[in-house]
Amino acid sequence: MGLGLGVMRTIEFLLLIIAILSAPVLSDLILSKVERRIDLTSQIARIASTIKAENDGSSSVSEILLSIPEVQAKNLAYLTAKLVEGKGKAKTSGVALAVEPANPKGMPPALSFYTMILPKPLANGDSVTLDVLAAFTHSLRPFPEKITQADIQLVVFQDTAHYLSPYPVKVQSLTLKLPDARIESYTKLENTKGLGSEIKYGPYENLPPFSYSPVAIHFEANQAFAVARELVREIEISHWGNVQVTEHYDIVHGGAMSKGEFSRLDYQSKPQIRGASAFKHLVAKLPPRAHSIYYRDAIGNISTSHVRGDSKKTEILIEPRYPLFGGWKTAFTIGYGLPLQDFVFESEGKRFLNFSFGSPMHDLVTDSITLKVVLPEGSKYLSVSTPFVVQQEEEIKMSHLDIFGRPVVVLKKANVVPEHNQFFQVYYQFNALAMLMEPFMLITGIFFLFVTCIIYVHVDLSISKSSASYLAKLQWDDVRATVQQIQNTVNQCLSTHEKLEASLRDLSRTGDVQACKAARKATDGLLKELSKELKPLISFLQSSPPAAHILPKVEELVAKERELQERLMAKHSTIVDSYEKKLGGRETENRVASVQQKIVALRQDIEDLMEYIDEI
Amino acid sequence: MASPESAVNGPTMTAGAASKSLRNAFGGVIAFIILVLIGVLAFSIRLFSVIKYESVIHEFDPYFNYRVTQFLSKNGIYDFWNWFDDRTWYPLGRVIGGTVYPGLTLTAGTIWKVVNSLNIPLSVETVCVFTAPIFSAFASWAAYLLTKEVKGPGAGLTAAALLAMVPSYISRSVAGSYDNEAVAIFALVFTFYLYIKTLNTGSLFYATLNALAYFYMVCSWGGYTFIINLIPMHVLLCIVTGRYSSRLYIAYAPLVVLGTLLASLVPVVGFNAVLTSEHFASFLVFIIIHVVALAYYIKGILSPKMFKVAVTLVVSVGLAVCCAVIAILIAVVASSPTKGWSGRSLTLLDPTYASKYIPIIASVSEHQPPTWPSYFMDINVLAFLVPAGIIACFMPLTDSSSFVILYIVTSVYFSGVMVRLMLVLAPAACILSGIALSEAFNVLTRSIKFQLPGIAGNPSIAVRMWRKENGSSTVVAPNDIPKTEEAAKEKPAKKNRKKEKENVEKKPTPSKTEKRLLVLPLEASVIAVLLLVLLGAFYVVHCVWAAAEAYSAPSIVLTSHSNDGGLHVFDDFREAYSWLSHNTDVDDKVASWWDYGYQTTAMANRTVLVDNNTWNNTHIATVGTAMSSPEKQAWEIFHSLDVKYVLVVFGGVVGYPSDDINKFLWMVRIGGGVFPHIKEPDYLRDGQYRIDAQATPTMLNCLMYKLSYFRFVETDGKGFDRVRRTEIGKKHFKLTHFEEVFTTHHWMVRIYKLKPQRNRIRGKTKKSKSSRSVSSKRDVRGKRNPWH
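This structure is a prediction, so every number in the text was calculated from the model and none was measured.

**A closer look at the overall build of chain B**
In terms of regular secondary structure, chain B is built from 40 helices and 13 strands. When the 788 residues of chain B are sorted by exposure, 53% land in the buried category. In chain B, the share of contacts with a sequence separation of at least 24, taken over all contacts with a separation of at least 6, comes to 72%. Total accessible area on chain B stands at roughly 34700 Å², and carbon and sulfur atoms take up 65% of it.

Set out below in structure tokens:
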């Protein structure tokens, strides 16, 4: 894409040069009226010119040349030209013209040329009105270059009182708008008027091409000379609903260098006088609904910032860690999140990001900006459209759990002013399903982790299947399983005992002796069966050598359990018996007491044994 | 059973109660879940600093570790080992790779690398900030393992829960406190666990792991000498009490051999691992254990009579040899000036040593002996539980429990010498308190369970039945359980009586197990359980308070609450460091007292003269001398060291107490220790340190005073110092050799620049010079600049 553009531009250049060479003399065109207004109220010099051009020659003219002295041209940040349509009050600025740097032959050196290509050639006698806006950075030169804390900051601006043009100019005037402060001096020519903070040169009439009359204005300028030497803006799109913007600033106070002491005392007691040239804070105007705003630098959070928001904008006032005097530097990062639907749109199967190019800071000059648009992983067919020429690259960024990385569009531009805060678009294709890739990856990862754990637990990983320790382990497993079975059986016995007890309680409630006897018979049978079940298990334990140390306990358990059975039976029959004999409760209790004690003791023992075996 | 308690006190109670009754069912799973929760607790209780302040590195030393980690992550491990740092100790520099304990740095660096290789873009700072909380969770788990080896899983869980939130440990491991201790405590406890594990199992596998854990500990912290002295002490104790076994041999011998070899691989330790007296005990015991092992072996193969003969023979020969060896050793040790001990170790053995000979160690507040309240602050109720834990360890005394007793006894002593070693005490206190609490709950809940009529007979059956329903194939009528409960309600009186009889019967019976004997009255046990729960709750409340209020401040950011509830942030330190880093030349040298050295190099990236690694006393004394000299002499000293900026910390405007004026006497002492023309009494009026009108002229003319109070009087017209609560002595003065270049918003940091030498005007200077400083010149001339 970038290459294609370059080739096209080269071809255009060639065409242009051919056109200029073949064109007749430039003086065919005359500027019948030029009005220039230079706004010096901020650190950016903005020159707005209204030019009325007439074709005086025989052939039609399709371009108009602008000339700027090279000294200024290197500071030129922004240049646009618009066609003004209509007359008088109904003037509207219409179509923007293409402005290209040009290099016409036979022109004086030390001048840079730009050409405005008219939408339709200007025929003989026709006239056209143009609005040209140029913004220059670093063109207010501090003078003196070094000041102390108490001094005010004075700057010099130099330009020409006569409009420097390759064409003759009939009528022209120049107005300079300065900040509301002291004006130290300015060059006085004929027709010079100073009106408060405005200085007016002209009108001058009938000047030949390339007439030049230097003027210098020396005035007080205490506004913030905030210059971002470098700004890196990273815009990361997440289709989960967020556009994350991170901006790294490297700020310097571009005004007069501070020299000598900095006294906090003076600064705190009289900040307006003893710190007039310093700036304390910067204001950034973020889009509405900005959230999760942070402001920090390399060594942590900076606590001095304020955020105000309304439905139109979010305004954030940030104070650097210290007030910036001339030449002082600082660096910080701000970041914020924006709702996706405000900036990313879909059209014709393509998605595009519509975002503003420059820094959101108020009145900030950016020497070099790098804009990185990080698209979600899996975006394809990227293309960029910008309202002005920028350097373009592409790279890959690896971020959270990426496999292929996220495509990044890198846009670079030098010398950026707030006028560059125009929207640019990044087009790309993105399948919404790709969004689910990372969660899916995590799920798979954790799934396989569990699967591995399960496999590890269940699969026999021993190398030698015939080694002694392996066999011993197998035998021990068998023993454990058997002991487990025995325990289960004993537990069943115990619960059967409970049934027996329950039948006794039923007896005391209902008095149904027969039912009680039946219950006894049933449990008796059940217990017999259970003890039959125990027999082979015990004999297995006896035969197996690793069970030797556990065997006595198990045998004891079984014996105790059998004893318990007997006692319970005895108790049961005693109670039923005494019930049949209609003996009193106390007497029954007396009869049962000793048995009951034994039962409780046995139960306790069995419990202990079970616990002991469990621990093994 | 455990649920109401656990609601109050989390895992502490659950550990005691739940594991008992439900152990058979799914104790393992519950213990695992509790451990995970303890880990989460340990991690999250340390996040107060991030929530209340921000995710930032704290204090002084962590900044150095952070800087080293940054270097490591940027340049790789080999450059790290070979790193010669020219940003500090100008003009000497410092060999970082060979003088730093690399454990923490390598740990964080590895975490960072792993995380980044998984494409999770965490910054080095984030990793550093959260290393300490992560390792606190590990330390809790290690404490669980250790205590489990000693007294079973119940005690283990309790100890882990206590350690997760013990304030003493929190103070060193909040998020952002990126210091060696953060990982070292984990390494310490884990090494002890592996030692005990080896001792209990006699497995060579664990012995090897133990040596590796010891190696990690050596990498992490100078406190490893505690391990290499405590374990030999325990081995010796075991031998003396006749508990020698092959397990003891396996636990000890490989540790000494492998551990020493591994330790000498760490550059900062190197040959110290065999040369210094700190390691001497381990070798001595190593010899002893071999002698004992040999004796046991010979005893095994000889008849008793022969053995007696052999003993007399060997003892007489052996004594002679021993005497000779000991004499040589003593001669070798005595020939070195510090008897082979490093200054810090000597301070531990003789608490008065540092204040007598090394003011630089004594000047650090964390090297002071602690006060009684600090014990209550740092280990809280554990202080009362520890004695109970010691008693529990004696019933019965095993190899492992004797180790724990030895651990607590030594660490109590060390914590009494230096407040910073309270950190070593904390895990020991937690382990013993865990044992105490767990044993107490064991006894009390058993008593309750044994006596409570409703639960006494039936719960075990109920549990059994419940198990059966779940586990076995036999179908039990579902209405059985309600019936049992009904029965319990039906004849409580009857059962109760029977139980009482049973008690009477059981207590004297010798056949009953030991457990049965420890039955307390029901009411007493219930009340005791409640009191213990209350105690635990009190501990939790205290710990949370300590974590949230006392130990969460990062100390580079201060906050205060204004009357209307607003928060005022004092971010002066970072303001100054940020100014230095952006607005001075990258090779400028900044002089300040050594406290701020690490921060200056890490945050401002400027070269400093001295920093918190106080390895060169003379250099620090030079800075101290400069600070306590009059302006001109100070200028000369600083100029000879290429210093361009001088940074002082001054709290007089906002009342920040730990500023340079309050530390000034230490500068005088340390400076005077090397350069005798600085005399402490010159700065004291009648033995009192003061800066008001009564102060001595030496004090009022020294550089520190002047830099701190320059133009201070103009703030309020009187010069009232809010820290010292007095008006300053000398109010109006000018600086001739320094100029103020930056002062932060609250005046907490003031940076001055050395003025360039004035052009010499022939004749004129001489006159003005001699007339200006007549008196002060005479007595200090000739020795005012130690560098000339």
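**Quick notes on the UniProt feature "domain: STT3/PglB/AglB core" (unreviewed entry) in chain B**
Mapped onto this numbering, the UniProt entry annotates "domain: STT3/PglB/AglB core" (unreviewed entry) at residues 587-646 of chain B. In the segment residues 587-646 of chain B, helix accounts for 50% and strand for 15%; the C-alpha atoms at its two ends are 14 Å apart.

**Here's the deal with the sheet that holds strand S22 (residues 305-309) of chain A**
All names here are of chain A. One open sheet accounts for three strands, arranged S19-S23-S22; its pairing is antiparallel. The outermost strands of the open sheet, each flanked by one partner alone, are strand S19 (282-286) and S22. Going from strand to strand, the sheet's axes swing by 15° on average, the running direction of each strand aside. Both S22 and strand S23 (residues 314-318) contribute to a ladder of five bridges, which runs antiparallel.

**Description of helix H23 (residues 399-417) of chain B**
Under the 1.5 Å per step criterion, the end-to-end length of H23 of chain B is 28 Å for 19 residues, consistent within 8% with the ideal 27 Å. For H23 of chain B, a buried count of 15 out of 19 residues is recorded, marking the element as mostly surrounded by other parts of the structure.

**Digging into the pairing of strand S16 (residues 226-238) of chain A**
All names here are of chain A. Where S16 lies against strand S17 (residues 242-253), twelve bridges are found, and the strand directions are antiparallel. What sits directly across from Ala228, in S17, is Ile251. Linking S16 to S17, which pair antiparallel, is a turn of three residues; within it Gly241 sits at a positive phi near 120°. Here S16 runs beside strand S27 (residues 365-374); their pairing, made up of eight bridges, is parallel. When the bridges of S27 are listed, Val227 appears paired with Val365.

Rules and cut-offs
- Residues numbered from 1 in each chain as written.
- Chains lettered and ligands numbered in written order.
- Predicted model: local features only at pLDDT ≥ 70, side-chain atom pairs only at ≥ 80, totals over all residues.
- Heavy atoms only, no water.
- Helix = DSSP H or I, 4+ residues; strand = E, 2+ residues; numbered from the N terminus.
- Buried < 20%, exposed > 50% of the residue type's maximum accessible area, 1.4 Å probe, protein only.
- Contact = heavy atoms within 4.5 Å.
- Areas by Shrake-Rupley, 256 points an atom, 1.4 Å probe, with all protein chains shown as cover.
- UniProt positions renumbered as here; feature names shortened; annotations may be inferred.
- Pairing = 2+ DSSP bridges.
- Axes fitted to C-alpha atoms, helices over the stretch in contact; angles between N-to-C directions.
- Expected span 1.5 Å × (residues − 1).

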